[in-house]
Amino acid sequence: MYRILVVDDEEKIRDLIKKYAVFEGHAVFEAEDGMQAVEMCREHPADYDIIIMDVMMPELDGFSAVREIRKYCQAPVLMLSARGEEYDKIHGFELGVDDYVVKPFSPKELMLRIHAIIKRANPAPDESAKEVVRFEGLTIDFAARIVTVDGVKAELSPKEYDLLFYMVNNRNIALTREKLITNVWGYDFYGDDRTLDTHIKLLRKSLGPYSRFIVTLRGVGYRFEP
């Protein structure tokens, strides 16, 4: 059973998500706006397995709410928005948001995404992931989830970590977009490839001079080639 905090000023949206989540056996908590969500997370920072956060809300928008919530609670966040502009998605991913769903959405797809996000946030122990690898000045500590660039710790979002770790573990192999999305996102992706491209762009920015290790394979996908 997951504990899901749904934050949306539209009651019908909260009711829709609650209906499907409860049917699957999950517990749902509700907040009508960003301010209420921040207060709930401040008072009970460990009570939620995932937060479903609307972007456009009165008083405090979803992005600002996530920024405040991160001071108290590290639960993964899935953003909901009526807008699908790349700028909004990039802004959310830079804040450490785990996924982004554009309204109107399929409740079944939303539940698949919730399951995938929580599964990634709580991975099973993997002995092979306890190694530390180095490529020139780029150091990757799988167990600690720490990446350093020329001795300086890189601030990666959870999705950037997942994407980088998967590519490093499959280095020098051509990875199709479909393969990357399936293995990193953990479900059959219903959106477009721009979400993957956006994360690649952010990851390259985080890697600085070592962004060259991520090679674009035109018409295919990407390859990590140190």
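Rules of the game
Residues numbered from 1 in each chain as written. Predicted model: local features only at pLDDT ≥ 70, side-chain atom pairs only at ≥ 80, totals over all residues. Heavy atoms only, no water. Helix = DSSP H or I, 4+ residues; strand = E, 2+ residues; numbered from the N terminus. Buried < 20%, exposed > 50% of the residue type's maximum accessible area, 1.4 Å probe, protein only. Phe/Tyr/Trp six-rings, centres within 6.5 Å; stacked < 30°, edge-to-face > 60°. Core = buried A, V, L, I, M, F, W, Y, C linked by side-chain atoms within 4.5 Å.

Colleague: Is there a simple way to explain unusual backbone geometry in this structure?
Modeller: Of the consecutive residues Lys103 and Pro104, the connecting peptide bond is found in the cis state with omega at -5°. Mapped onto the secondary structure, Pro104 falls in the loop between strand E5 (99-102) and helix H5 (107-121). The backbone phi angle of Arg145 is positive, close to 55°, even though this residue is not glycine. Mapping Arg145 onto the fold places it in the loop between strand E7 (138-141) and strand E8 (146-149). Owing to a relative accessible area of 32%, Arg145 belongs among the partly exposed residues under this scheme. In this structure, Asp150 is a non-glycine residue whose phi angle is positive, near 55°. Mapping Asp150 onto the fold places it in the loop between E8 and strand E9 (152-153).

Colleague: Mind showing me how you'd approach the packing of aromatic side chains here?
Modeller: All told, the structure shown has 7 aromatic pairs when counted by the stated rule. Measuring from centroid to centroid gives 5.4 Å for Phe29 and Tyr48, while their planes differ by 75°, and the two rings are edge-to-face. Residue Phe29 is found in strand E2 (residues 27-31), and its partner Tyr48 is found in the loop between helix H2 (34-43) and strand E3 (50-54); the two are separated by 19 residues along the sequence. Under the relative-accessibility criterion, Tyr48 is labelled buried at 8%. Residues Phe142 and Phe165 carry aromatic rings whose centres are separated by 5.0 Å and whose planes lie at 50° to one another, so their mutual orientation is tilted. One end of the pair, Phe142, is in the loop between E7 and E8; the other, Phe165, is in helix H6 (residues 158-169), and 23 residues separate them in sequence. Side by side, Phe142 and Phe165 carry an identical accessibility label, which is buried. Taken together, the ring pairs in this structure connect Phe135, Tyr210, Phe213 and Phe224 into an aromatic cluster.

Colleague: Help me understand the nonpolar core in this model?
Modeller: Nonpolar side chains in soluble globular proteins generally cluster together in the buried interior. Of all hydrophobic cores here, the largest spans 30 residues; its most connected members are Leu138, Ile140, Val147, Leu164, Met167 and Phe224. Within the residue set of this core, elements represented by two or more residues are strand E6 (132-135), E7, E8, H6, helix H7 (177-185), helix H8 (194-207) and strand E12 (221-224). Among the nonpolar cores identified, the runner-up in size contains 26 residues, and Met40, Leu60, Met79 and Phe93 belong to it.

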